[in-house]
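Each chain is listed here by its residues.
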Amino acid sequence: MHVTAIIAAAGSGSRVGSATPKQMLDIGGGSMLQHSVNAFLQHPRISDVIVVMPAGSPAPMPAADPARVPPLRIVAGGERRQDSVANAFDAVGPSSDVVLIHDAARPFVTAGLIDRTIDAAMTHGAAIAALQSRDTVKRVERRADGAVIVDTIPRESVYLAQTPQGFRREVLAAAVAAGRSGIAATDEAFLAERAGYQVHVVDGDAGNVKITTAEDLEAARRRMGRPAASAGLPRIGTGYDLHRLVDGRPLVVGGVVVASDRGALAHSDGDVACHAATDAILGAASLGDIGRHFPDTDPRWKDADSLDLLRETARLVRDAGFEVVNLDVTVILERPKIKDMIQRMCARLADALGIDAARVSVKGKTNEGVDAVGRGEAIASHAVALLAPSTLATATADPRASRLESTS
Ligand code: MG
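The rules we used
- Residues numbered from 1 in each chain as written.
- Predicted model: local features only at pLDDT ≥ 70, side-chain atom pairs only at ≥ 80, totals over all residues.
- Heavy atoms only, no water.
- pLDDT = per-residue confidence, 0-100.
- Contact = heavy atoms within 4.5 Å.
- Helix = DSSP H or I, 4+ residues; strand = E, 2+ residues; numbered from the N terminus.
- Expected span 1.5 Å × (residues − 1).
- Donors = N, O, S within 2.8 Å, 3.2 Å for Na, K, Ca; no water.
- Buried < 20%, exposed > 50% of the residue type's maximum accessible area, 1.4 Å probe, protein only.
- Pairing = 2+ DSSP bridges.
- Axes fitted to C-alpha atoms, helices over the stretch in contact; angles between N-to-C directions.
- Core = buried A, V, L, I, M, F, W, Y, C linked by side-chain atoms within 4.5 Å.

What follows concerns the confidence of the model for the protein. Chain-level statistics for the protein give a pLDDT mean of 88 and a share of 89% at 70 or above. pLDDT under 50 marks residues 392-408. Its contacts with residues more than four places away, or in other chains, come to six contacts.

Pasting the structure below:
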């Protein structure tokens, strides 16, 4: 049996409150999308995987079991979720017997739930994972004098739809056609119903949560054992970088061009201060290192302005729930002296980080003529960064907030 999995990852996820699409946010051990994709890539009954991404976004590189990798394709999403799934369905081959559709925002889907959905879809034509409501369900109308209950629905008959949703290929073809004929739907099960099919329900999984809000994101990170920003503690990180100095290259330090006949040999502009700062900040947030986020094999970062890497790093840690409290950088360079440029370097680094220049320090050292740096063959830099959870950083920046905290 050939089973195709479609992972819907084309939404903007604005309710999480991040500029990054929520499915790309790291929850520990990778993004939501990566976890969702891996659940299907690593499932023995999945034959191929199609990921629907926002049009124009960089393709994800899911790390799968190298021993068994079903083919993975990327398809551009459409305006609505149903348009995205329709685009993906166009890429499903004629040999597919069953097609599963799964939300990238449900990274905790289990192999057992995937199995149940495949089996029921094969037997009945259409099946979705759903959870019986544990709460009493009221139908409510909003009126001029407030919200009023108009009906109480027996909870035994109320199920909350999850994904995966599974269909025999011809059933999904009819559902997609119903959608294209003008029916609007928030899931494919509804379109299959409207196309005249009975959709069966398999027992969903309470752990198969959809990550929708910032609170859901924090809970997912705690579940993955990732140091959560809400732990409330500041975090420290260190960074180090060194580049060889060669003739005929510009020397850029802390985003400032230093007049010199020699410059750093590098894929990027070779700005050691920016690179050490980037590693210090990533390290403080346990987000890996500069090589993971900005690999020198990626042509996007060739001759990159390292201030842009630092700016992107600040965004990454903000998305992870942190603010940079301060950054302290030491630059080790035999000549020329950088003393007169330090203020400008602090301003450039602070601007990239989106913080006040008073929170950034740059210090110049020589190596007293000792070793390669001392002989002028290389430039090196050390950096230390302190991060605080965003809420704490906001509270300490606002004197009224810190007063409230200290009296409670
Ligand atoms: Mg470097």
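Right, picking up where we left off after that structure.
This brings us to helix α3 (residues 111-124). The first and last C-alpha atoms of α3 sit 20 Å apart over 14 residues, in line with the 20 Å expected at 1.5 Å per residue. Gly125 sits one or two residues past α3 and shows a positive phi near 100°.

Another point: the coordination of the magnesium ion. Protein-derived coordination of the magnesium ion comes from Asp241 (OD), His243 (NE2) and His275 (ND1), at a distance range of 2.2 Å. Mapped onto the sequence, the donors of the magnesium ion take the spacing D-x1-H-x31-H. Highlighted residues: His243 in strand β10 (residues 235-247) and His275 in helix α7 (residues 272-284), separated in sequence by 32 residues. Judged by relative accessible area, His243 falls into the buried class, the value being 13%. Note on His275: relative accessible area 7%, which makes it buried.

Sheet architecture is open: seven strands sit in the order β3-β2-β1-β4-β8-β5-β9, paired in mixed fashion. Strand pairing shows two members of the sheet lacking a second neighbour, β3 (72-76) and β9 (200-203), which therefore form its edges. Looking at each pair of strands side by side, their axes are set apart by 30° on average, direction ignored. Here strand β1 (residues 3-8) runs beside strand β4 (residues 98-103); their pairing, made up of six bridges, is parallel. Among the inter-strand pairings, Ile7 is bridged to a residue of β4, identified as His102. α3 contacts β1, β4, β5 (126-132), β8 (159-168) and β9 of the sheet and is inclined by roughly 60° relative to β8.

Our next topic: the nonpolar core. Across soluble globular proteins, nonpolar side chains have a tendency to be buried as a group. Judged by nonpolar contacts, the single largest core of 43 residues is most densely connected at Val331 and Leu353. If you list the elements that add at least two residues to this core, you get β11 (251-253), β12 (256-258), α7, α9 (306-319), β14 (322-332), α10 (342-353), β15 (360-365) and β16 (378-389). Element by element, the count of residues in this core is highest for α7, at nine residues. Among residues more than four places away in sequence, those in contact with Leu353 are Ile281, Leu310, Ala314, Arg318, Val324, Leu327 and Val360. In this structure, Ile7, Leu41, Val51 and Ala127 belong to the second largest nonpolar core, which totals 25 residues.

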